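# Tertiary structure, described
For reference, the chains in residue letters:
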Amino acid sequence: MNEKQINTIILLTITLLTSCLSDTVKPDILLNYTPKITVNTDFDNIWVAGMPVSLEITTSEGSIDSELPKLLKDATVEYVANDGSKGSLLYNAASEHYVTSKSFIPGTAVQLNIKHPFYPSVGSLIRFPETIDPTGTLSIAGGLDTSGNPADKLAVSFKDVSGVNNYYKINLHYFNNSISNWVPLTVPRTDPSLAGYNSIVQNDGGILFSDDLFNGKLKTITMNVSLGYVINNLGDKYKITLSSISEDLFLYYKSLQRAQDAKEINFQGGYNNAVVIHSNIDGGLGIIGTQSKEDVILK
Amino acid sequence: MLYNGTPIYNSNHIFGLSSVFHQRSIANTGISRGISSAKYGGRLSSTISLESSKTGSYSGVKGELEITPINAGIYIESIKKDLSYFTLSARRSWIDLLIPAESRQQSVNANIYDYQIGYGKYLKNGDKLDFSFMNTRDLYFVSLQTTDTANGNIPITYGITQKWYNVLASVNYTEQVTSQLKRVHSIHYSSYKNKNDYSQETYDFNLLENPLVEEKLQRGIRDIGLKTDWEYAFSNEHHLSFGWQNTFRQFLLGANNLISKNYPNQSDIDTIVGNPNYQTSIESSFYGEDKYFFSKDVTLDAGLRATIYSFDGYTKLVAEPRFHLTYFLQNNDVFKAAYNRHNQFVNQLNLGRSGSPDNIWVPATGEILPQNSDILEIGYERKLGRQFSGTVNAYYKNMQNLSAVSNLNDASNPEKDWKSSVVQGSGKSYGLEFMFQKSKGDFTGWVSYAYSKSVRTFPDLYANEFLFTFDRPHMLKVYGNYTNEYSIWNFSFNYLVGSGQLFTLPIGKFRDINGQLQLEYNTLNNYRSPLYQRLDISAGRKNINSSLSSEWRFFIYNVLSNRNPLYVNADFANASYTELVINRNYLAFVPGVSYIIKF
């Protein structure tokens, strides 16, 4: 390449580069952000019917603010259950959660109101799902695993309530007698309701799913688990935990998963990857998840 | 977009910055923004119909050679009046040819080309045959070299290649059966394919052959269309048009060829994930329309288009009524009113940016239903003397089963079912447009103003209705051109001012159920860029002292250097989510020059 050609390329490149400009701005809409109260049950403390409940309260901050969300320790948290009972959740410094010894029964609704002198008040109407009374069966070496080898066949059955959308969570554990502990197992996604986009895998190995494919029917989920967990170990056993979860919790996790996926691509123009995280906190952010949880022990 | 009646699925070069059409390859442009005759269907959006030159008022050969900073092109037109025509236009980028061939193969390469060929002939019986062919291609390649210091300074080369191309071909046979009956029979083929290749080669001198991994992703769409269109002047009052159109549309939804070879102690792998086979949909339409001359002042086009569509066991029959009333007033003013219904059986999944070659064409299915729209439009046109005219148009459009991508990762992953990443919703748009035009004299041009609003509702994306990404309520456009046959100079300008483009930015951040930070959006498309303003100017100078006619053309895009963002990117500059940075990219003061030789 001769000097003239090189100069031509350089000139054209400079012309193009000087035309492609960029700048950094702080748009006005982001400047006047009003922080909100964010209420969450945390992952290990999703409200379970029949158990004491707790929640975490934090603030939200503007996206261009250098502040990070912080714990709110002096909020007033009151509840009114539909059986007429009232009470408060009080801040516990050790757990950094608002707690109460009150428990709520399946099928009830609770109105939660949270006030703070510096932030707009928020509220939430929380419903505890009905129990589902699952039953289970175990057939030692009664199935085949994905490699075609004999496997333990576990099944759990329950009746779905018709006419409404119901949501569930399933977990699988086995009890290791030698360490006296429940060890989580990954739930095989061999059932159509556990596969595809309408189910969500959780960090604890559990799967959230909907009744889209079996609304109003008796549902049986079958799982084949590779041999070796319980067959040779006296005292070992399986536990299938089936929870009926609130629709809000399902939608929340669904949006959370979409947001996580979108993050990897960045959030640019358009609405493809700006994911609105579902919330059941009126006037605020976050989620209070509820579930009615039942265990099926199989040995 | 149609080119000589054949759909083109990607009309962009350079990732949307340039069109694949040479300006001289287009003789006529027709734009139908929703209201169209029953002959046209299958689209909700505007249809742009481009026609190459097919006739002329002379016999002879003429042409142009053109060179610009990006490419060089040629246009040749040979016409035997009332007998035949031949046209050729071709362009190719030339900057890459200055780079040594070895560097183009091993380091970096970028080139584009397009060419269009048209040929037509009148037969002895008065019938006519038209052939049209078009091919476009973009190729980009970059290779990066690095060293694996963890494993003994082994050189590694990464290669990234992206290539996309269109192939279009059509044959039309026009019969003038009687003075009242004309028939046009056509067959067309249109193919678009996008290929992304990634490779990694490790230079390990201890091995006979270098370990290599490759990933070759390809997607595409192709049409084979057959149609016959009839026009029959039944009487002075009734002009009928009717016909049958059939399209076999094939989708290559994504096939990823994974190759791994020459790795020590490992078997070579050559496997395909996704679906390497085209899946076919069939769209068969019948239409009929009566242009009824109710009186010398009033015509009514009343038509019906019926389409039966099938794909993978899903079948849908739709009927689309079309009405178009035209009322010629006494002073040559025209009043128009129209209603149309349209259905669309093919969708383009927008994977982040309109016009991107990576966007995927997908069929309507039982889960992702065909899109449809109802359009109402009224208009008034008025002649203002011999040189001026004005128009006013108002429209309302209601759309159902619109599609949007809910999960970019899954939608672009050929291993996953694209349908699980698509949500459907509805939309509506309405607007009012004014245009004032001067069409004669040395100075011509027009001024237009449009007020419009466009909203979308996608319950699975956001609970409430939100503004559509391309919603721009106000837009004023002014175009002017000065040409004097005695002057060697001609000038033109284009000025636009209006509402800025919408983007979605996070307004807040909060802790989620897992203790992680999440972003808060108050609504989608919540940030409107500042006022969009752009002035483009151009000037041409004819060279009359040469034996060959030639012309210099100069232009400057965005001469005022207004910051009209093409792309907004917002991200946290650090992992602790404390510094949100919003970058805007824009083009400002882009000069250009071209030299044209005419023969």
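Fair warning: this is a prediction, and the values are worked out from it, not measured in the lab.

## Topic: the overall build of chain B
Helix and strand counts for chain B come out as two helices and 38 strands. Relative to the globule expectation of 25 Å for 599 residues, the C-alpha radius of gyration of chain B, 27 Å, shows essentially globular dimensions. The dimensions of chain B, computed from C-alpha atoms along their principal axes, are 85 × 65 × 50 Å. A buried classification covers 26% of the 599 residues belonging to chain B. Long-range pairs, those at least 24 residues apart, make up 58% of the contacts in chain B with a sequence separation of at least 6.

## Considering the overall build of chain A
Scanning chain A from terminus to terminus reveals two helices and 20 strands. Taken across its 299 residues, chain A has 37% of its residues classed as buried. Considering only contacts within chain A whose residues lie at least 6 apart along the sequence, 65% involve residues at least 24 apart.

## Section: the confidence of the model for chain A
Residues at a pLDDT of 70 or more form 85% of chain A, whose mean pLDDT is 84. Across residues 267–271 of chain A, where pLDDT falls below 50, the model places 26 contacts with residues more than four positions away in sequence or in other chains.

## Quick word on the sheet that holds strand β6 (residues 76–81) of chain A
Residues and elements named next belong to chain A. Strand order in the open sheet made by the eight strands is β10-β9-β6-β7-β8-β4-β2-β19, with mixed pairing throughout. Since the sheet does not close on itself, it has two edges, and those belong to β10 (119–127) and β19 (285–287), each with one partner. With strand direction ignored, the average angle separating the axes of adjacent strands in the sheet is 25 degrees. Pairing of β6 with strand β9 (residues 109–116) involves six bridges; the strand directions are antiparallel. Its bridge partner lying in β9, alanine 81 is registered against valine 110.

## A word on the pairing of strand β7 (residues 60–67) of chain B
Residues and elements named next belong to chain B. Relative to strand β8 (residues 71–80), β7 runs antiparallel, the two being bridged by eight bridges. Bridge assignment links isoleucine 67 to a residue of β8, and that residue is alanine 72. Hairpin remark: β7 followed by β8, antiparallel, with three residues in the connecting loop. Relative to strand β38 (residues 590–598), β7 runs antiparallel, the two sharing four bridges.

## Some points on the environment of glycine 283 of chain A
Residue and element names in this part refer to chain A. Looking at the element boundaries, glycine 283 is found in the loop between α2 (247–263) and β19. Sequence spacing of glycine 283 and serine 22 is 261 residues, and the spatial spacing of their C-alpha atoms is 37 Å. Other than its neighbours up to four places away in sequence, glycine 283 contacts Pro120, Ser121, Val122 and Gly123.

Here is what the cut-offs are and how they apply
- Residues numbered from 1 in each chain as written.
- Chains lettered and ligands numbered in written order.
- Predicted model: local features only at pLDDT ≥ 70, side-chain atom pairs only at ≥ 80, totals over all residues.
- Helix = DSSP H or I, 4+ residues; strand = E, 2+ residues; numbered from the N terminus.
- Rg over C-alpha atoms; globule rule 2.2 N^0.38 Å.
- Buried ≥ 20, exposed ≤ 12 C-beta atoms within 10 Å, placed from the backbone.
- Contact = placed C-beta atoms within 7 Å.
- pLDDT = per-residue confidence, 0-100.
- Pairing = 2+ DSSP bridges.
- Axes fitted to C-alpha atoms, helices over the stretch in contact; angles between N-to-C directions.

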